[in-house]
Amino acid sequence: MPNPSNTSDTAVLIPALGNLNHKFQSYSFYLDNPAFVPVNSRSTLSLLLDFYLQENIDIYIAVHPNQLTHFQHELSYYQNQIHWIPIQQSNGVNHTLQQALPQIPKNQIIVNLVSTIPHTLPQSNQVLIDTHTFQHNLYSGIAITPDNQLQFKPKATENHFPAYAFQGLFQCDKSTLIDAANQVENPNDLLLLIQTIHQNQPLQAVKATWLDTGHEINYPKVRKNLIASRSFNAISINPENGILRKTSQNKEKLQREAQYIQELPTNLQIFYPRILNNQTHVGYFEMEYYGYPNLSEYQLYRNLNPQQWEVIFQQLHFFIQTNTNHTHPLSPKQHQQFFWEKNIKRITQYLETLPPNHPFLQEKLTINQIPCLGFYQLQQQTQKQITQAYNPNYHSIMHGDLCFNNILYDTFSETLKTIDPRGGLNDQTMELNGDIRYDVAKLTHSATGHYDYMVNNLFQLSIHQNTISFSFPLRPNHHILRSCTQQLVENLNLSHKEIQLFTALLFLSMPPMHSENPKRQEIMFAQGLLLLNQSLA
């Protein structure tokens, strides 16, 4: 059962029925359930799950039986942490609650509409509202009178008084909820349920940030609020002027990023947001904000036809080719330090954390039904291949972290921008130069290595003795991504075997950067070891 250590008497119920219909006119998503509207490469529902798992609250998701298998496949990473409640027939959210609530063996229930990403945990008899008032009829709302009385404004009401948007997030005891669900006549307006409860048991309206993916008008705001950032920095966006501020306690790393962009040749600077205010000496800089989705989000959640992916890879080829026009030869020693010494240090660091009987430490193991040798059995051959791969023809300016989540793309204008460059050789100095094959390997580990599935918890992993198996809920686009990647490698006159070797080392060296998630560490290393065996075969 989910959360076996959870002795709390509180559970969350997430109604996840329905579809997007025509709610989003400007966006096309791969999955039509509102649970899977993406926010910076994560589904809305996965963000809800992470929030409540962190709070150690049992999770119940109400879904239609026809969609249950799909939900389970999509959320297989969370398979032992979720209770499913199939709802065969529902006329609306209140009708769903009426059927689902009796199946939850807890006395305190948090109801969280699947389109609201929780920012604040509601306490008993609290209902969350937005921090700003509105006067249109797009949302249900609650007004607070000067004497702290609540006025309810159901959706499409003719009342035009200003109100705070009702978030669809509240907590109440189960018996009260069941009684109200049985009384309310309108099956599809959750605010009427709140109003019914409030008549018998006063509720407190609490203002909190509303992260809403259920209305197209609010979608860009949520993306800005939840913009992904690395642990060393924080990102904020000014909604008035569209300026992004990046701050960090690691001033040196911030300075290297700003210096990298500013020292690029003019014909490469166009691929990056402009830095408008460089204050890295005090820990921040400001730059243009581009709200384009990244390629990770396109890969996992958005609908692009194969021809659009081909156009994107043509532009990536142009970007990489433009980098190669600026040659910066490396010495054999620099090549060895970059491709081998840095990686072997991280690989050893991870392997030393594993118990002696772990399959990664054995001489032989099976990964996805393919017999493989352990890393230590391949170490000498790998180092030899790295040494032989030295080739100054591929030494030029490089991005240094050219994975899908660092590539922004606008389908309307076919504009491509890259972000978060790392440059070349090490983490201590700013260097533009490196090996362009590293950038192509980074692209490959996203496009065909399924890195973005891994970091967004879209995978299933099983380890039994010396046998490892893993899988992903692959999107239909994985075929065109493989084809485009192969074509890119050939158009750049690169070796498929070398790119596969460098991609393998990327995965093998990643686990130390993901110590907070052991399952992710294992699937990364397993993927890397499988690719390494194949590249050396």
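Please read all numbers here as calculations on a predicted model, not as lab measurements.

J.: What am I meant to see in the overall build of the chain here?
T.: When helices and strands are counted, the chain shows 17 helices and 25 strands. On C-alpha atoms alone, the chain measures out to a radius of gyration of 26 Å, which is about the 24 Å that the 2.2 N^0.38 rule sets for 537 residues. If you line up the chain on its principal axes, its C-alpha atoms span 80 × 55 × 45 Å. Excluding contacts between residues fewer than 6 apart, the proportion of contacts in the chain whose partners are at least 24 apart in sequence is 72%. Of the accessible surface of the chain, which amounts to about 23500 Å², a share of 46% is contributed by carbon and sulfur atoms. If the 33 positive side-chain charges of the chain are averaged to one point and the 39 negative ones to another, these points end up 5 Å apart.

J.: Sorry if this is basic, but what is going on with the side chain of Gln299 here?
T.: Here Gln299 is to be found in helix α9 (residues 295-301). When its relative accessible area of 2% is taken as the criterion, Gln299 is described as buried. There is a polar contact of 3.1 Å between the side chain of Gln299 and the backbone oxygen of Ser446. Filtering out sequence-adjacent residues up to four positions away, Gln299 remains in contact with Trp309, Phe404, Ser446, Ala447, Asp452, Tyr453, Arg475, Asn477 and Leu481.

J.: I tried to follow helix α7 (residues 251-263) on my own but got confused; where do I start?
T.: The α-helix winds at 3.6 residues per turn, so residues separated by three or four positions along the chain end up facing the same way. Over its 13 residues, α7 runs 18 Å from end to end, which matches the ideal 18 Å to within 8%, given 1.5 Å per residue. Turning to α7, the residues buried within the fold contact β15 (243-248), α8 (266-269), β16 (275-279), β17 (284-288) and β20 (395-397).

J.: I would appreciate a short explanation of the pattern of salt bridges in the present structure.
T.: Two side chains bearing opposite charge may form a pair once their charged atoms approach each other closely. Enumeration according to the criterion identifies 14 salt bridges in this entry. Here Asp420 makes a salt bridge to Lys246, at a shortest N to O gap of 2.6 Å. In this pair, Asp420 sits in the loop between β22 (415-418) and β23 (433-435) while Lys246 sits in strand β15, placing the two residues 174 residues apart along the sequence. For the pair shown, Asp420 and Lys246 are each scored as buried. Between Asp401 and Arg422 there is a salt bridge whose closest N-O contact spans 3.5 Å.

J.: Just checking my understanding: could you explain helix α3 (residues 93-100) for this structure?
T.: Regarding α3, the residues found buried are Val93, Asn94, Thr96, Leu97 and Ala100. Buried residues of α3 fall within an arc of 155° about the axis and therefore sit on the same side. Elements that come into contact with the buried residues of α3 comprise β1 (10-15), β4 (58-63), β5 (83-86), β6 (108-112), α4 (174-183) and α5 (190-200).

J.: Can you walk me through the packing of helix α11 (residues 332-351) against helix α12 (residues 375-388) in this structure?
T.: For any two helices packed against each other, one specifies the inter-axial angle together with the distance between the axes. Look at α11 against α12: their axes get within 10 Å of each other, and the N-to-C directions meet at 170°. It follows that α11 is roughly antiparallel to α12 by the angle criterion. Judged by the twist between their axes, the crossing of α11 over α12 is right-handed. Across the interface between the two elements, His335, Gln336, Phe339, Trp340, Ile344, Ile347, Thr348 and Leu351 from α11 touch Phe375, Tyr376, Gln379, Thr382, Gln383, Ile386 and Thr387 from α12. The residue makeup of the contact of α11 with α12, split by class, is 8 nonpolar, 7 polar and no charged.

J.: I keep staring at the nonpolar core and nothing clicks. Help me out?
T.: General note: in soluble globular proteins, nonpolar side chains tend to be found buried as a group. If you look at the biggest cluster of nonpolar residues, it comprises 123 residues, and the most contacted ones within it are Leu45, Trp309, Phe360 and Phe375. With 9 residues, helix α17 (residues 518-536) is the single largest residue contributor to this core. When residues no more than four places from it in sequence are discounted, the contact partners of Phe360 are Tyr350, Leu351, Leu354, Leu365, Ile468, Glu522, Phe525, Ala526 and Leu529. Listed in part, the 33 residues of the second largest apolar core include Ala11, Ala100, Val111 and Val127.

J.: Help me out: how do you make sense of the packing of aromatic side chains in this one?
T.: The relation between two aromatic rings is expressed through the spacing of the ring centres and the mutual angle of the planes. Scanning all chains against the criterion turns up 31 aromatic pairs. Seen in terms of ring centroids, Tyr27 and Tyr219 are 5.0 Å apart; in terms of plane orientation they differ by 80°. Their pairing is edge-to-face. Note that Tyr27 is positioned in the loop between β1 and β2 (38-39) and Tyr219 in helix α6 (residues 219-225), a separation of 192 residues in sequence. The class for Tyr27 is partly exposed, based on a relative accessible area of 25%. The exposure class assigned to Tyr219 is buried, which follows from its relative accessible area of 0%. For the ring pair Phe338 and Tyr438, a centre distance of 4.8 Å and an interplane angle of 65° mean the geometry is edge-to-face.

J.: Got a minute to help me understand the pairing of β6 in this structure?
T.: Each regular strand carries side chains that alternate between the two faces of the sheet. Where burial is concerned, most of β6 is hidden: 5 out of the 5 residues are buried. Burial along β6 is two-sided: the residues Gln108, Ile110 and Asn112 and Ile109 and Val111 are all buried. Where β1 and β6 come together, 4 bridges link them in parallel fashion. Bridged to Leu13 within β6 is Val111. One ladder, built from 5 bridges, connects β6 with strand β11 (residues 163-173); its direction is antiparallel. Residue Ile110 lies in a different strand from β11, and its bridge partner there is Gln171.

What counts as what
Residues numbered from 1 in each chain as written. Predicted model: local features only at pLDDT ≥ 70, side-chain atom pairs only at ≥ 80, totals over all residues. Heavy atoms only, no water. Helix = DSSP H or I, 4+ residues; strand = E, 2+ residues; numbered from the N terminus. Rg over C-alpha atoms; globule rule 2.2 N^0.38 Å. Contact = heavy atoms within 4.5 Å. Areas by Shrake-Rupley, 256 points an atom, 1.4 Å probe, with all protein chains shown as cover. Lys, Arg positive; Asp, Glu negative; His and termini not counted. Charge placed at Lys NZ, Arg CZ, Asp CG, Glu CD. Buried < 20%, exposed > 50% of the residue type's maximum accessible area, 1.4 Å probe, protein only. Polar contact = N/O pair within 3.5 Å; in protein donor to acceptor, adjacent residues only side chain to side chain. Expected span 1.5 Å × (residues − 1). Salt bridge = Lys/Arg side-chain N within 4 Å of Asp/Glu carboxyl O. Arc of directions from axis to C-beta. Axes fitted to C-alpha atoms, helices over the stretch in contact; angles between N-to-C directions. Parallel < 35°, antiparallel > 145°, perpendicular 65-115°, else oblique. Left-handed = near helix turned anticlockwise from the far one by under 90°. Nonpolar A, V, L, I, M, F, W, Y, C, P; charged D, E, K, R; others polar. Core = buried A, V, L, I, M, F, W, Y, C linked by side-chain atoms within 4.5 Å. Phe/Tyr/Trp six-rings, centres within 6.5 Å; stacked < 30°, edge-to-face > 60°. Pairing = 2+ DSSP bridges.

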